[in-house]
Each structure stands twice: as structure tokens, then as C-alpha cells.
Amino acid sequence: MNTGQSIGVFDSGYGGLTVFKSIARQLPQYNYIYLGDNARSPYGDHSFETIYQYTLECVEWLFEQGCPLVILACNTASAKALRSIQQKVLPLKYPNHRVLGVIRPTAEVLGQFTNKKTVGVMGTRGTVNSLSYPMEINKFFPELKVVQQACPMWVPLIENNEHLNPGADYFVQKYLDELLEKDADIDCILLACTHYPLLIPKLQAILPSGIELLGQADIVANSLELYLENHPEMVVRLGLQGKRQFFTSGDRQAFDQHANIFFGEEVQSEQMHLKC
Ligand code: DGL
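Notes on the structure in this doc start here. (Residues numbered from 1 in each chain as written. Predicted model: local features only at pLDDT ≥ 70, side-chain atom pairs only at ≥ 80, totals over all residues. Heavy atoms only, no water.)

### Quick look at the packing of aromatic side chains
The full count for this structure, using the stated rule, is 18 aromatic pairs. Ring centres 6.1 Å apart and planes at 35° place the aromatic pair Phe171 and Tyr175 in the tilted group. Of the two residues, Phe171 and Tyr175 both sit in helix α9 (residues 169-182), four residues apart, roughly one turn of that helix. Residue class for Phe171 comes out partly exposed when judged on its relative accessible area of 22%. We classify Tyr175 as buried; its relative accessible area is 5%. Ring geometry for Phe246 and Phe263: centres 5.2 Å apart, planes at 75°, overall edge-to-face. Here Phe246, found in strand β9 (residues 244-248), pairs with Phe263, found in helix α14 (residues 260-263); they are 17 residues apart in sequence, far enough to count as distant. For Phe263, a relative accessible area of 4% puts it in the buried group. Cluster of aromatic residues (ring-pair linked, three or more members): Tyr14, Phe20, Tyr32, Tyr34, Phe246, Phe255, Phe262 and Phe263. The ring of Tyr54 carries Arg40 above its face, with NZ or CZ at 3.9 Å from the centroid. (Phe/Tyr/Trp six-rings, centres within 6.5 Å; stacked < 30°, edge-to-face > 60°. Helix = DSSP H or I, 4+ residues; strand = E, 2+ residues; numbered from the N terminus. Buried < 20%, exposed > 50% of the residue type's maximum accessible area, 1.4 Å probe, protein only. Lys NZ or Arg CZ within 6 Å of the ring centre and 35° of its normal.)

Right under this line is the structure:
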């Protein structure tokens, strides 16, 4: 029986669209609902409690729209809210629903990308301070050295479409320098925020040779494909019409103007009304 439900994809704002783009390319047959909580973005500097409350509200909203499976396409939400949702909320309130994040699938493969066994992880303050990456990477590659760098100005620059303008150069260089000064052996830099792929042109232009930049979008799409292969009980609940819907808690016009630089296609969003 196919009940025609959708896969939910969530981010604090636009960043998750970089992940959704890869997922939709790799698994075009499924129906999807993307939700960006643009009204309350960025999440990166908020407290644990606030990020948890915001993320839970959005996940429950996606459940109400008929998504039995939600991907947190946001490192900050994955770092701060995923475990509590998986361990406390789902078993009690939604035993047939699943929520997956982006940190574990990335940590599972990261060791393949470094010869010197030293990786740089650039993320929001929330992601970096949570220590989720060093802890998860350690489970799969205990020999890896993980060097972290918080980049609090990058998401605001990207959300405001200022990231490719000359004014952004200072902050791009600053955080890259700060990271590389911490360890000369870094040969792979993980962009551990789903907004950051938009900075790749600027980063590539100043990156010393021998260092690879790694985004997460394809890693997460591969991991979702594998998850669905291993969970036929979930697949039978999903619709196969290839439908895509986009919702924002913020301004719809602004979302539609801005979203294509992340998603690579024009989109028409609908309004998601927050409870408070
Ligand atoms: N795309 C989110 C992430 O991956 C951005 C976080 C934010 O809103 O600050 O962490």
C-alpha cells in the first residue's frame, strides 16, 4: 500500500536547500516538503533550549503535513535537537515517525578524505560548541584529529545575499586563517553548515594547495538512499509522484527570490504559520 506521504526536509533557513538539491537529484521519485524557518534564522547563536524548541515545532509541523520521515538538513539543529527528539519525543508521541540528521552520515565517511588524518570542521557556534563532530567522528575514526572553527558571521552574510560581495572577503579569510593556524596538517576542511557551500568560490580562491573542501550535500543524499534501501516499511508509506513543496515561516516573496541560489531552480513557496 502506498499512502503517498512526503519526506520532510528542514533547515533554519535557506541552507538546507543545498542538501535538498542533492537529495532531489538523487531520489527524484519521492514527494518532498521543504521547510525553512526563515522567520527565526539564523539558529547558530541561540541557546540549546531555543534551538530545540524551534526545531521540534518545525518537525511536528512537518509530521502534521504527512511526513513520516524528516531530514534535519541543518547541522545546528542536528547538533542541538536531534538526539532529544529521537530519544524523548518520538518513542512517546510519534513511534512510527523518523527524524535523521546530517552529522552522523558525514562523520561516517570523513576519514576517507584526509591523508594526514587531520580535518578542519567549520560550522556555526552552536555546532562547534556542541562538540558533536569530534564525538561522532571519534566513533568511526578514532585516529583522526578534529580541529574546529566557529564562523558566526558566515550564515548572516549568506542569508542576506552578501556572501559573494567584496565585503564578505574579510570574514571568509579571517575564519579560514584562524582554522589553519591551529594545525598545519589539515588537508580536508568540512563545511559543517549547509549554508556554507555558497562560499566555495571565495574559499577556493584563497585556499592553500593540498587542502580539500568538503560539502555534505551528496554525503547526506547517499545516506538517505541507503536508509530507504534498508527500510522498505518506510518506503511503502511514501508517495512516488515526484512532488516538491516549499514552505517558509518568513517572507514568501523574499524566499522565492533567494531560494534559487541554493536550490538551483526557481521555487514558489507557501506560508508556514508559526505558533508563537
Ligand atoms: N544551515 C544551518 C547549519 O547547517 C545554519 C545554522 C544557522 O541557522 O545558524 O548549521
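Still to come is the rest of the account.
### With respect to helix α7 (residues 132-140)
Those residues of α7 that sit buried are Ser132, Tyr133, Glu136 and Ile137. Looking straight down α7, one finds that the buried residues subtend no more than 115° of arc, so they occupy a single side. (Arc of directions from axis to C-beta.)

### Observations regarding the nonpolar core
Counting residues in each nonpolar core, the largest one holds 66 residues, and the members touching the most others are Leu17, Phe20, Trp154, Ile189, Tyr196 and Leu228. The biggest single contributor to this core is helix α11 (residues 217-230), with six residues. Residues within four places of Leu17 in sequence aside, it is in contact with Tyr34, Phe246, Phe255, Ala259, Phe262 and Phe263. If you look at the next biggest cluster of nonpolar residues, it comprises 26 residues, including Phe10, Tyr52, Cys58 and Tyr94. (Core = buried A, V, L, I, M, F, W, Y, C linked by side-chain atoms within 4.5 Å. Contact = heavy atoms within 4.5 Å.)

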